[in-house]
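# Descriptive structure summary
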Amino acid sequence: MTSRATDSISRAMWLSMAALLVLAVGLTFIAKGYQLFQATMVVAYAIALLGLNMLTGYNGQISLGHGAFFAMGAYTTGILMEHADMAYWATVPTAGVVCLCIGYLFGRPALKLEGLYLALATFALAVAMPQLLKYKHLEAWTGGVQGIVLMKPDAPWGLPLNQDQWVYLFSLAVAVVMFWIAHNLLQSGTGRAMRAIRDHGMAAEAMGVDTRHYKSMSFGVSAAFTGVGGALSAIAVQFVSPDSFTLFLSISLLVGIVVGGVGTLWGALYGAVFIMFVPNLAEKVSKAAPWAVYGVVLILLMFAMPGGVVGLMRKIQSTWAARSPR
Amino acid sequence: MNELLHQTLSGLATGGIYASVALALVMIYQATHDINFAQGEMAMFSTFVAWMLLQLGWSYWAAFAATVVLSFVVAAAIEWAVIRPMHNAPELSVVVVFIGLLVIFHSLAGWLFGYTIKQFPSPFAADAWYGSELMSAHEVGAIFVALIMVALLFSFFRLTPLGLAMRAAAQNATSSRLVGISVGRMLMLGWGLAGAIGAVAGMMVAPVVYLDPNMMTGVLLYAFAGALIGGIDNPVGAVLGGFIVGVLENLLGTFVVGTELKLSVALVLIVGVLIVRPSGLLGKKIVTRV
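Treat the numbers as computed from the prediction; the structure is a model and nothing was measured.

### With respect to the overall build of chain B
When helices and strands are counted, chain B shows eleven helices and zero strands. Start at the N end of chain B and walk to the C end: the helices and strands fall as α-α-α-α-α-α-α-α-α-α-α. Relative to the globule expectation of 19 Å for 290 residues, the C-alpha radius of gyration of chain B, 19 Å, shows essentially globular dimensions. Taken along its principal axes, the extent of the C-alpha atoms in chain B is 55 × 50 × 35 Å. Here chain B holds 290 residues, and the buried ones make up 50% of them. The contacts of chain B with a sequence gap of at least 6 include a subset with a gap of at least 24, amounting to 73%.

This is how it looks when you write it as structure tokens:
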């Protein structure tokens, strides 16, 4: 491919990104109340999926427990707003840092575990999380089974926006920053090292990649992204409780990255739309057994596009490019 | 002391059930290197079928046999219809298909049979001679059923030509095809066997935990842990691991942390074991050629 073609592709990409952003900002003024809440949740899930995709898609470590980091992020926000009177916007980066540290510390011993064994270890984390949040000696902080109720923030600087609109725009801004960070990180030497470890760990090590460092770092960064997503979701829902962060959330996150496209940035967005809306749609199709519908949709999707939405789009693009040679 | 003994023995009984499900997981893992996350829900569904047959007035053993056969057929059909088309798909997509199967069976069971908790009878009379103060007759029976299944499977794989063919297909599909083994049929058979084993495990656990759609979620988790602790590529290890997890869970829950946190603590311990011995107690150390 000539450099000109690369230029035109990246220009098309920039244009579509700008269009997407304009559309997303425009949604603030079109969508109302509950729709805006749903849009905010899609943004929060997209950030969380981005985190999981960095670990599973780019670094090859399977995690069935990212719901736990989502919960940690949400609870960091909840506890800081409730007990430390911290401003909502300051809790989001704090949640990221807290999850970065915990994720790194979890990633360190998990280095010894690979594939299914790592899946089990993270699975254990997801199972333990609601029980730990309900644990009676932590109740003073976490509020036990009742959880914590939060206040919705007002728009600052006298902007003519209601609370829902402001929370949505705020989340969108955070998402743009997070996607930008992820994009740069994955393009850098660090990203190349992460992918090298995924493709052939031993060869990467022989080339001088510090596997241990990059693997635990990927875990930390991934947890940080997911934690930021969790923090945003807590602000949007205005409530955190142990039972919002069950095993099912962790499984949904994994489903999200696979449906969106493993090892792609944009897959996070499609995956987030899927896990937000498909369960609701399934309920509309069949009230009696909505999850059976969901399961069937999931299996059919995997039949039709094993590489997820992004995989399918790439396939279409490459057949199209092959048919019309320039 | 008596309490300790009692808890250990009843841990062995639940361990027998974990061992059976772990065995089903190992069956499928050996053949395809996939973990069937839907195994527990399939077993739960089978148990509901048995319950329905019992409600229709069938005798216990007739219902038992019919359920095992039906589970075999259904599981083999799932392999043929759902799993086989995915054989070239990325690993994670297959995992998602399993998750899809899990929610389908869960939801169908709730829809067809309801979410209310039901009683399920035990085939072992409460006053049978092998029951005692320390272990109920059902607990002893469940352990024996698990051990019999292991023995049967072991002899099937070691002593019959079909078992040999199945092992060959799992180990090297291409070479097996060259000597005339139908690998696809072997995979179907493996899935069918796993489905049947799961059905037996479900019918053994239902009298203890009662029958409802959520019955197997915890069991699957422990079975998974048991299989990994014993070594996922080793049926004997899986059974041993299942028993270890059962006893551990019971003792920790009773004497150390209480029932609230027992799941977490058991899992943390399991992860701890895996960090020391990454391929399980009896698992083969994987050596890769560079």
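### Some words on the overall build of chain A
Scanning chain A from N- to C-terminus turns up 14 helices and two strands. Computed over C-alpha atoms, the radius of gyration of chain A comes to 20 Å, within 12% of the 20 Å expected from 2.2 N^0.38 for 326 residues, which places it in the range of a compact globule. For chain A, the spread of C-alpha atoms along the three principal axes comes to 65 × 50 × 45 Å. Here chain A, with 326 residues, has 49% of them falling under the buried criterion. A separation of at least 24 residues holds for 77% of the contacts in chain A among residues at least 6 apart in sequence.

### Examining the nonpolar core
Membership of the largest hydrophobic core comes to 205 residues, with the highest contact counts inside it found for Ala46 and Ile47 of chain A together with Val21, Ala22, Leu23 and Leu25 of chain B. In contact with Val21 of chain B, not counting residues within four places along its chain, are Gln39, Gly40, Ala43, Gly198, Ala201, Val219, Leu220 and Ala223 of chain B.

### Observations regarding the packing of helix H11 (residues 247-260) of chain A against helix H4 (residues 91-113) of chain B
Geometrically, a packed helix pair is captured by the angle between its two axes and the distance between the axes. Remark: H11 of chain A packs on H4 of chain B, axes separated minimally by 10 Å, with the N-to-C direction vectors making an angle of 130 degrees. On the basis of their axis angle, the class for H11 of chain A and H4 of chain B is oblique. By crossing handedness, the relation of H11 of chain A to H4 of chain B is classed as left-handed. Across the interface between the two elements, Ile251, Val255 and Val258 of chain A from H11 of chain A touch Leu92, Ser93, Val96 and Ile99 of chain B from H4 of chain B. The class makeup of the residues in the contact of H11 of chain A with H4 of chain B is six nonpolar, one polar and no charged.

### As for helix H2 (residues 33-58) of chain A
Residue and element names in this part refer to chain A. The terminal C-alpha atoms of H2 lie 36 Å apart, and with 26 residues this matches the ideal 38 Å at 1.5 Å per residue to within 8%. Of all bends in H2, the biggest is about 30 degrees, found at Leu52. Taken across its 26 residues, H2 has 21 buried, putting it largely inside the fold. One or two steps after H2, the chain reaches Gly60, where phi turns positive at roughly 75 degrees.

### Observations concerning unusual backbone geometry
Residue and element names in this part refer to chain A. Although it is not a glycine, Gln238 adopts a positive phi angle of roughly 65 degrees. Mapped onto the elements of the fold, Gln238 is located in the loop between helix H10 (211-237) and strand E2 (239-240). Of the residues examined, Gln238 has 16 C-beta atoms within 10 Å and is grouped as partly exposed.

### Comments concerning the interface of chain B and chain A
Between chain B and chain A, the contact holds 35 residues from the first and 31 residues from the second. Listing elements by their share of the side of chain B that touches chain A, those giving two or more residues are H4, helix H9 (215-230) and helix H11 (262-276) of chain B. It is H4 of chain B that contributes the most residues to the side of chain B that touches chain A, 13 residues altogether. Of the residues contributing to the side of chain B that touches chain A, the split by class is 29 nonpolar, five polar and one charged.

### Looking at the environment of Ile99 of chain B
Within the secondary structure layout, Ile99 of chain B lies in helix H4. Expressed as a C-alpha distance, the spacing of Ile99 of chain B and Phe37 of chain B, which sit 62 residues apart in the sequence, is 6.4 Å. Those residues in contact with Ile99 of chain B, other than ones at most four positions away along the chain, are Ile251, Val255 and Leu298 of chain A together with Phe37 of chain B.

### Re helix H3 (residues 60-83) of chain B
Residues and elements named next belong to chain B. Along its 24 residues, H3 runs 32 Å from first to last C-alpha, staying within 8% of the 34 Å computed at 1.5 Å per residue. By the burial criterion, the buried members of H3 are Ala63, Thr67, Ser71, Phe72, Val74, Ala75, Ala76, Ile78, Glu79 and Ile83. Tucked inside the fold, the buried residues of H3 contact helix H2 (39-55) and helix H8 (183-209).

### As for the confidence of the model for chain B
Residues and elements named next belong to chain B. Across chain B, the average pLDDT comes to 82, with 90% of residues at 70 or higher. Per-element averaging of pLDDT across chain B places H11 at the bottom with 72 and H3 at the top with 91. This prediction of the complex comes with two scores: 0.82 for pTM and 0.78 for ipTM.

### Quick word on the confidence of the model for chain A
Residues of chain A with pLDDT of at least 70 account for 95%, and the chain-wide mean is 82. Confidence scores differ between elements of chain A, with helix H6 (residues 139-142) of chain A showing the lowest mean pLDDT of 71 and H10 of chain A the highest of 88.

### Quick look at the environment of Tyr117 of chain A
Note on placement: Tyr117 of chain A falls in helix H5 (residues 115-134). C-alpha separation for the pair Tyr117 of chain A and Ser63 of chain A, spaced 54 residues apart in sequence, amounts to 10.0 Å.

### Details of the packing of helix H1 (residues 2-32) of chain B against H8 of chain B
Residues and elements named next belong to chain B. Where H1 meets H8, the axes come as close as 8 Å, and the angle between the chain directions of the two elements is 170 degrees. As judged from the angle between their axes, H1 and H8 are roughly antiparallel. Listed contacts from H8 to Ile17, Ser20, Val21, Leu23, Ala24, Met27, Ile28, Ala31 and Thr32 of H1 are Leu187, Gly190, Trp191, Leu193, Ala194, Ile197, Gly198, Val200, Ala201, Met204 and Val205.

What counts as what
- Residues numbered from 1 in each chain as written.
- Chains lettered and ligands numbered in written order.
- Predicted model: local features only at pLDDT ≥ 70, side-chain atom pairs only at ≥ 80, totals over all residues.
- Helix = DSSP H or I, 4+ residues; strand = E, 2+ residues; numbered from the N terminus.
- Rg over C-alpha atoms; globule rule 2.2 N^0.38 Å.
- Buried ≥ 20, exposed ≤ 12 C-beta atoms within 10 Å, placed from the backbone.
- Contact = placed C-beta atoms within 7 Å.
- Core = buried A, V, L, I, M, F, W, Y, C linked by C-beta atoms within 7 Å.
- Axes fitted to C-alpha atoms, helices over the stretch in contact; angles between N-to-C directions.
- Parallel < 35°, antiparallel > 145°, perpendicular 65-115°, else oblique.
- Left-handed = near helix turned anticlockwise from the far one by under 90°.
- Nonpolar A, V, L, I, M, F, W, Y, C, P; charged D, E, K, R; others polar.
- Expected span 1.5 Å × (residues − 1).
- Bend = angle between axes of the 7 residues up to and from the residue.
- pLDDT = per-residue confidence, 0-100.

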